[in-house]
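# Structural description and commentary
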Amino acid sequence: MASAQEINNARFSEEALSWDSNKRHGESTQKAFEAIQQYVPAFEDGRNKELDVLEIGCGTGLVSFMLAPHVRSLIGVDTADGMISAFSAKLSAIDKPNLCAVNHLLTNADSPQLQGTAALLATQRGEESAPPYRFDLVVSHLTLHHIPSLPQILATLHACLKPGGVVALTDYEDFGPEAVQFHPIRKRPGVERHGIKRDEMEELLLGTGFNEVRTEKAFVLRKEVEAEGGKPAREMDFPFLMCYGMKI
Ligand SMILES: C[S@@+](CC[C@H](N)C(=O)[O-])C[C@H]1O[C@@H](n2cnc3c(N)ncnc32)[C@H](O)[C@@H]1O
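These remarks concern the structure in this document. These numbers were taken from a predicted model, which means no experiment stands behind them.

### Details of the site of the ligand
Lining the immediate environment of the ligand, one finds 18 residues, of which Trp19, Gly57, Asp78, Thr79 and His141 sit closest. Between the ligand and Trp19, the relevant distance is 2.9 Å, taken from an oxygen atom to a side-chain nitrogen or oxygen of the residue. A distance of 2.8 Å separates a nitrogen atom of the ligand from a polar atom in the backbone of Gly57. Protein chains shield 97% of the accessible area of the ligand, which is 590 Å² for the free molecule. In terms of residue count, helix H1 (residues 4-19) provides more of the shell around the ligand than any other element does, three residues in total. Residues of the shell around the ligand, tallied by class, amount to nine nonpolar, eight polar and one charged.

Here is the structure:
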C-alpha cells in the first residue's frame, strides 16, 4: 500500500503543471508573503537583504519567487519531483538567481542535499563560507498539514536556524469539523491533518525551544467547497495561522 507521503508526492507532481493557474493558490501565497513580511522583524528594520531563507514544501515556488528578490538567498525543499521540475523551469528564465529548489524530505539539518545546495548558492554569489550552513528564516505555506510528525519537523527546523533565526510558518487552521472541507473528498487521502491547531502549535513551538512564540490568525482565504453532508457547494472562509518563533 502507498504511504501518505507517496500519495502526496504523486498528487502534487500531477498538479504541478496547473498549480500556478489556480487563482486561489495565487491569493493564498500573496497573503502568506504579506504575513511573513509583517511578522519577520528583518523586513521591518531593513535587514531583509541579509536573510538566508529555507522554505519547506516550496511547491512550484509561488512564495519563493515573491520572497527571493527581498532576501539574500532562498532554498526550497519539496518531496514532489513534479513541483521541483516546475520550480526549476521558472528558475531557468532568471539571470543569476539567488534561489533554487531541491527534491528532498528534510529530516536532518546536516543532510548532504541541503548542505550541498547551500554550498552551491554560496559559491555562486562568490562567498567563501564553511559548512554547516544555517538559515536566518524558515518559511512554509500550506505544508504543515501534510507532515506526519510536527514535533519532528519543528526540531529539524530549529536545528536549521542560526541563533537569532526565526520560523514563520503559515497554514490553515483546524477551527472545527468544517475545516475538513478545505480539501475535496478526492484529495483527502494523504492529508495528515485537517489544518493546524493554534494551542497545539504554540505548545509545540515552545516545547521545541523557540522563544517569542506567536500563533495567531494572520489572514483568511475564501475558497469554494464541494457539496457535502447535506450542505450545498458554496464559498467558505478559512482562517490561516502564522506560527512564529525565534531560536535564541
Ligand atoms: C499545498 S502544497 C503548497 C505548495 C506551496 N507552498 C504553495 O503554497 O504554492 C504542499 C506542498 O508540500 C509538499 N510536501 C508535502 N509533504 C512534504 C514534506 N514532508 N516535506 C516537504 N514538502 C512536502 C508537497 O509536495 C507540496 O508541494
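That was the structure; now back to the text.
### Thoughts on the packing of H1 against helix H5 (residues 81-91)
Contact geometry of H1 with H5 gives a least axis separation of 6 Å together with a crossing angle of 25°. The orientation of H1 relative to H5 falls into the category roughly parallel. Mapping the contact onto sequence places Phe12, Ser13, Ala16 and Trp19 in H1 and Asp81, Gly82, Met83 and Ala86 in H5. Looking at side-chain class alone, the contact of H1 with H5 contains five nonpolar, two polar and one charged residues.

### Describing the pairing of strand S7 (residues 234-246)
Judged by how many residues are buried, S7 sits mostly within the fold: ten of 13 residues are covered. Examined bridge by bridge, strand S5 (residues 161-172) and S7 share seven bridges and lie antiparallel to one another. Bridged to Val167 within S7 is Gly245. Here strand S6 (residues 211-225) pairs with S7 via twelve bridges, running antiparallel. Its bridge partner lying in S7, Arg222 is registered against Asp237.

Definitions and limits used
- Residues numbered from 1 in each chain as written.
- Predicted model: local features only at pLDDT ≥ 70, side-chain atom pairs only at ≥ 80, totals over all residues.
- Heavy atoms only, no water.
- Near = heavy atom within 4 Å.
- Polar contact = N/O pair within 3.5 Å; in protein donor to acceptor, adjacent residues only side chain to side chain.
- Areas by Shrake-Rupley, 256 points an atom, 1.4 Å probe, with all protein chains shown as cover.
- Helix = DSSP H or I, 4+ residues; strand = E, 2+ residues; numbered from the N terminus.
- Nonpolar A, V, L, I, M, F, W, Y, C, P; charged D, E, K, R; others polar.
- Axes fitted to C-alpha atoms, helices over the stretch in contact; angles between N-to-C directions.
- Parallel < 35°, antiparallel > 145°, perpendicular 65-115°, else oblique.
- Contact = heavy atoms within 4.5 Å.
- Buried < 20%, exposed > 50% of the residue type's maximum accessible area, 1.4 Å probe, protein only.
- Pairing = 2+ DSSP bridges.

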